[in-house]
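Chain residues, written in single-letter form:
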Amino acid sequence: MKKNKLILFLIIILNSCSTPMVLHLKKNRLLTNQSQILTMKYIEFHYTCYQKGSNFYVKGFAYPRREKLPPWGDTLDELWLGIYLCDKYGKVLAQDINVYSPQKINNKGLFFEFKLEPKDFGAPGPLYITFGYRLKIIGSLKNQPKVFFAIEKAIE
């Protein structure tokens, strides 16, 4: 058993030298034409994947998790959402990113659409989808100089 863990560890280390890794992020198995939800620390993603040829398209909505955010924060001052297609070892095979303008946080969520163009299908076995984000939240009141910052992303 220890030998298998050592081999897995070495594979991860060797792969991380040449490509981004997302082994540390929550992931869902890639399923096409099915609605899925992935709850990250501060954002919940509701999405569906579609395949056309060798590319994958992912559409959905991202919902900031209000219960995890500071109660004074009402404005997304900075926001980028990213998506990663990875193999079972967390090796990133394709990625895409959307950058959003500052806006008030609401319950409608943020629409996203990504295109994933893998050049490599990684290790044998299923593929996985995960998301990354970088967000900066501020309060709209002028006397509130508070800032909340969170990030979940691939390790380069």
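Whatever comes next refers back to the structure up there.
Draft legend 1. Molecular detail of the nonpolar core. In this structure, F45, V58, L81, F112, I129 and F131 are the most contacted members of the largest nonpolar core, which totals 40 residues. Those elements that provide at least two residues to this core are β3 (43-52), β4 (55-64), β5 (75-86), β6 (92-100), β8 (110-116), β9 (128-138) and β10 (147-152). Among the elements that line this core, the one with the most residues is β5, at eight residues. The contacts of F45, once residues within four sequence positions are left out, are Q36, I37, L38, M40, F61, A62, L81, F112, F131, G132 and Y133.

Draft legend 2. The arrangement of the side chain of T130 in detail. Considering the arrangement of structural elements, one finds T130 in strand β9. Reaching out from T130, the side chain makes a polar contact with the backbone oxygen of K26 at a distance of 2.5 Å.

Draft legend 3. Layout of the sheet that holds β3. Strand order in the open sheet formed by four strands is β2-β3-β4-β8, and the pairing between neighbours is antiparallel. One side of each edge strand has no neighbouring strand; the edge strands of this open sheet are β2 (35-39) and β8. Each neighbouring strand pair of the sheet contributes to a mean axis angle of 25 degrees, computed without reference to strand direction.

Draft legend 4. Representation of the pairing of β4 in the model. Here β3 pairs with β4 via 10 bridges, running antiparallel. Considered in β4, the bridge of K52 is made with N55. Where β3 hands over to β4, the hairpin turn is made up of two residues, of which G53 adopts a positive phi near 65 degrees. Bridge count for β4 against β8 is seven bridges, and the pairing is antiparallel.

Draft legend 5. Seen up close, the environment of C49. Here C49 shows up in strand β3. With a relative accessible area of 0%, C49 lands in the buried category. Residues C49 and E113, 64 residues apart in the sequence, show an inter-C-alpha distance of 9.8 Å. Other than its neighbours up to four places away in sequence, C49 contacts L30, L31, T32, N33, Q34, Y57, V58 and I129.

Draft legend 6. Main features of the pattern of salt bridges. Counting across every chain of the model gives seven salt bridges. K59 is paired through a salt bridge with E113; the nearest N and O atoms lie 3.8 Å apart. Residue K59 is found in strand β4, and its partner E113 is found in strand β8; the two are separated by 54 residues along the sequence. Owing to a relative accessible area of 40%, E113 belongs among the partly exposed residues under this scheme. Of the charged contacts, one joins E67 and R65 as a salt bridge, the two residues approaching to 3.1 Å between their closest N and O atoms.

Draft legend 7. Summary view of the environment of Y133. Its location among the elements puts Y133 in strand β9. For the pair Y133 and L79, spaced 54 residues apart in sequence, the C-alpha to C-alpha distance is 7.2 Å. Contacts of Y133, omitting those with residues within four sequence positions, involve M40, K41, Y42, I43, F45, W80, L81, A150, I151 and E152. One polar contact links the side chain of Y133 to the main-chain amide nitrogen of Y42, over a distance of 3.1 Å. For Y133, the side chain forms a polar contact with the side chain of E152, separated by 2.4 Å.

Draft legend 8. Spotlight on the side chain of N55. If you trace the backbone, N55 turns up in strand β4. With sequence-adjacent residues up to four places away left out, N55 is seen in contact with Y50, K115, L116, E117 and P118.

Calculation rules
Residues numbered from 1 in each chain as written. Predicted model: local features only at pLDDT ≥ 70, side-chain atom pairs only at ≥ 80, totals over all residues. Heavy atoms only, no water. Core = buried A, V, L, I, M, F, W, Y, C linked by side-chain atoms within 4.5 Å. Buried < 20%, exposed > 50% of the residue type's maximum accessible area, 1.4 Å probe, protein only. Helix = DSSP H or I, 4+ residues; strand = E, 2+ residues; numbered from the N terminus. Contact = heavy atoms within 4.5 Å. Polar contact = N/O pair within 3.5 Å; in protein donor to acceptor, adjacent residues only side chain to side chain. Pairing = 2+ DSSP bridges. Axes fitted to C-alpha atoms, helices over the stretch in contact; angles between N-to-C directions. Salt bridge = Lys/Arg side-chain N within 4 Å of Asp/Glu carboxyl O.

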